[in-house]
Amino acid sequence: MQPRLILVTGARGFVGRHLCRTLADAGYRVRGTVRSNPPPPEAGIEYQASGDISDRVDWRPLLKGVDAVVHAAARVHLPGDQGADPLAAYRRANVTASETLARQAAEAGVKRLVFLSSIKAADAERSGPGVRQPEPYDITKLEAEHALSRIARETGMEIVVLRPPLVYGPDAAANFALLVHAVSKGIPLPLGSIHNQRSFIHVGNLCSAITACLEHPRAPGGVFEVSDGPPVSTPDFVRAIGRAMGKPVRLLPCPPALLRSLGHALGKGPAADSLTGDLVADDRDIRERLGWRAPTSMGNAMKATFTAQKQDTPR
Ligand SMILES: NC(=O)c1ccc[n+]([C@@H]2O[C@H](COP(=O)([O-])OP(=O)(O)OC[C@H]3O[C@@H](n4cnc5c(N)ncnc54)[C@H](OP(=O)(O)O)[C@@H]3O)[C@@H](O)[C@H]2O)c1
């Protein structure tokens, strides 16, 4: 029997790259889509160009023979990503594009679509005094979840939503890359007075959760928050980076409110909020319904991250 064919969008992004390799190593055939210039095939993975997903993409040729889709492509936070109407730009890439893909996938007979949402969608559901104002990214991930659930009801295609917190691993960008850079150079970080609770997930653990969502008969309809395990504070996360790198970590005390004000003044508000605030993923549902557990602890995942990065560094 032919192994199942999985379409992965955003195949050369951080998560997409790891996911395509994980699925191919597990024996799936993988068709990864990229915006343009598809790279040559690798063992078990072929790449095809979708074009810009903010434009209306004709997914039909890419969906031929596909059994399941993992939709990982998304407009994520980009530096200086404001534009005239940021919410409209996020909506085109994250909501309209997801709807177009899902409708065409259902028409093509795809059985299941796994949508990579974000824990920020859960955050955007909360409202009230003292609750952080959601960003266009957060709002559009939640809107996409709602749109996909409507499509599931209308077409019968199975939809599974995963809500990861910050994903770290070899070559992760954004806040993780900044923290790694600071620790590697011995730069003191003003994070010593933060006592928050945040969830994180290693990219390998996320790929394991995605695989469970592709396979498990009880996954459809799930909106699963996932994480490595119990939340940790930002300082403890930085200490875990330091331990794995074998570097001392220098944390200076600084009131979190001051850090947030400085961050906003410097146009780095979301990064400052993210480093100082709470954001906990409750993974009880995926544990109870799918019996999924993160296969690797944060300590071991962090070690694996830096072993892999060292191996990738040209000598
Ligand atoms: N990394 C995290 O901490 C995290 C946390 C929660 C959820 N997620 C979700 O996980 C998924 C993967 O994230 P990631 O960290 O792998 O992000 P990433 O490295 O930025 O990858 C995003 C991918 O989407 C593609 N893409 C973006 N806009 C596109 C467009 N308009 N047309 C075509 N392709 C487009 C990018 O292609 P180009 O390279 O051509 O731009 C890239 O391959 C996303 O859905 C994200 O929201 C990530």
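Structural notes, computed from the coordinates.

1. What about the overall build of the protein?
- Secondary structure assignment for the protein yields 12 helices and 9 strands.
- For the protein, whose C-alpha radius of gyration is 19 Å, the value lies close to the compact-globule estimate of 20 Å for 315 residues.
- Dimensions along the principal axes, computed over C-alpha positions, put the protein at roughly 55 × 45 × 40 Å.
- Considering only intrachain contacts with a sequence separation of at least 6, the fraction spanning at least 24 residues in the protein is 76%.

2. A closer look at the site of the ligand
- Lining the immediate surroundings of the ligand are 21 residues, of which Gly 10, Gly 13, Val 15, Arg 35 and Ala 74 lie closest.
- Elements that contribute at least two residues to the shell around the ligand include exactly α1 (14–25) and β7 (166–168).
- Here the shell around the ligand takes 3 residues from α1, the largest share from any one element.
- Along the lines of polarity and charge, the residues of the shell around the ligand split into 12 nonpolar, 5 polar and 4 charged.

3. Things to note about the nonpolar core
- Within the largest apolar cluster, 88 residues are counted, with the highest numbers of intra-cluster contacts made by Ala 105, Leu 113, Leu 162 and Ile 210.
- When residues no more than four places from it in sequence are discounted, the contact partners of Leu 162 are Val 114, Leu 116, Ser 117, Ala 209, Ile 210, Cys 213, Phe 224 and Val 226.

4. Remarks on the packing of helix α9 (residues 256–265) against helix α10 (residues 269–276)
- Axis separation between α9 and α10 bottoms out at 7 Å; the angle between their running directions is 160°. In terms of orientation, α9 lies roughly antiparallel with respect to α10. Where α9 crosses over α10, the two elements pack in a sense that is right-handed. Between α9, through Pro 256, Leu 259, Arg 260, Leu 262, Gly 263 and His 264, and α10, the contact on the second element is made entirely by Gly 269, Ala 271, Ala 272, Asp 273 and Thr 276.
- Tallied by class, residues from the contact of α9 with α10 come to 5 nonpolar, 4 polar and 2 charged.

5. Topic: the sheet that holds strand β5 (residues 112–116)
- With respect to topology, 7 strands assemble into an open sheet ordered β3-β2-β1-β4-β5-β6-β9, the strand pairing being parallel. Edge positions in the sheet fall to β3 (45–49) and β9 (223–225), since each has one partner strand and no second. Looking at each pair of strands side by side, their axes are set apart by 20° on average, direction ignored.
- Bridge count for β5 against strand β6 (residues 158–163) is 5 bridges, and the pairing is parallel. The partner of Arg 112 across the bridge, within β6, is Glu 158.
- Lying over the sheet, helix α5 (residues 136–155) contacts β5, β6 and β9, oriented at roughly 160° with respect to β6.

6. A look at the environment of Ser 98
- Tracing the backbone shows Ser 98 in helix α3 (residues 86–107).
- The residues contacting Ser 98, other than those within four sequence positions of it, are His 71, Phe 115, Ala 144, Ala 147 and Leu 148.

7. Comments concerning unusual backbone geometry
- Notably, Asn 37 is not glycine yet its phi reads approximately 50°, a positive angle.
- Mapped onto the elements of the fold, Asn 37 is located in the loop between β2 (29–34) and β3.

8. Some details on the pairing of β2
- Alignment of strand β1 (residues 5–9) against β2, held across 5 bridges, turns out to be parallel. Across the sheet, residue Ile 6 finds its bridge partner in β2, namely Val 30.
- Note on the crossover from β1 through α1 to β2: the handedness is right-handed.
- Judged from the 5 bridges that link them, β2 and β3 form a sheet pairing that is parallel. Across the sheet, residue Gly 32 finds its bridge partner in β3, namely Tyr 47.

9. Comments concerning the environment of Ala 93
- Turning to its location among the elements, Ala 93 is positioned in helix α3.
- Excluding residues within four positions of it along the chain, Ala 93 makes contact with Ile 53, Ser 54, Ala 74 and Arg 75.

10. With respect to the pairing of β6
- With 6 of 6 residues buried, β6 is to be regarded as a mostly interior element.
- When β6 meets β9, the two strands line up parallel, connected through 3 bridges. The residue bridging Leu 162 from the neighbouring strand is Phe 224, located in β9.

11. Observations regarding the packing of α3 against α5
- Across the interface, α3 lies against α5 with an axial gap of 9 Å and an inter-helix angle of 20°. Of the possible angle classes, the one that applies to α3 and α5 is roughly parallel. Of the two elements, α3 crosses α5, and the hand of that crossing is right-handed. For the pair α3 and α5, contact is made by Pro 86, Leu 87, Tyr 90, Arg 91, Asn 94, Val 95, Ser 98, Glu 99, Ala 102, Arg 103 and Ala 106 and by Pro 136, Tyr 137, Ile 139, Thr 140, Lys 141, Glu 143, Ala 144, Ala 147, Leu 148, Ile 151 and Thr 155, respectively.
- Tallied by class, residues from the contact of α3 with α5 come to 13 nonpolar, 4 polar and 5 charged.

Thresholds, definitions, all that
Residues numbered from 1 in each chain as written. Predicted model: local features only at pLDDT ≥ 70, side-chain atom pairs only at ≥ 80, totals over all residues. Helix = DSSP H or I, 4+ residues; strand = E, 2+ residues; numbered from the N terminus. Rg over C-alpha atoms; globule rule 2.2 N^0.38 Å. Contact = placed C-beta atoms within 7 Å. Near = placed C-beta within 6 Å. Nonpolar A, V, L, I, M, F, W, Y, C, P; charged D, E, K, R; others polar. Core = buried A, V, L, I, M, F, W, Y, C linked by C-beta atoms within 7 Å. Buried ≥ 20, exposed ≤ 12 C-beta atoms within 10 Å, placed from the backbone. Axes fitted to C-alpha atoms, helices over the stretch in contact; angles between N-to-C directions. Parallel < 35°, antiparallel > 145°, perpendicular 65-115°, else oblique. Left-handed = near helix turned anticlockwise from the far one by under 90°. Pairing = 2+ DSSP bridges. Right-handed = clockwise from strand over helix to strand, strands pointing away.

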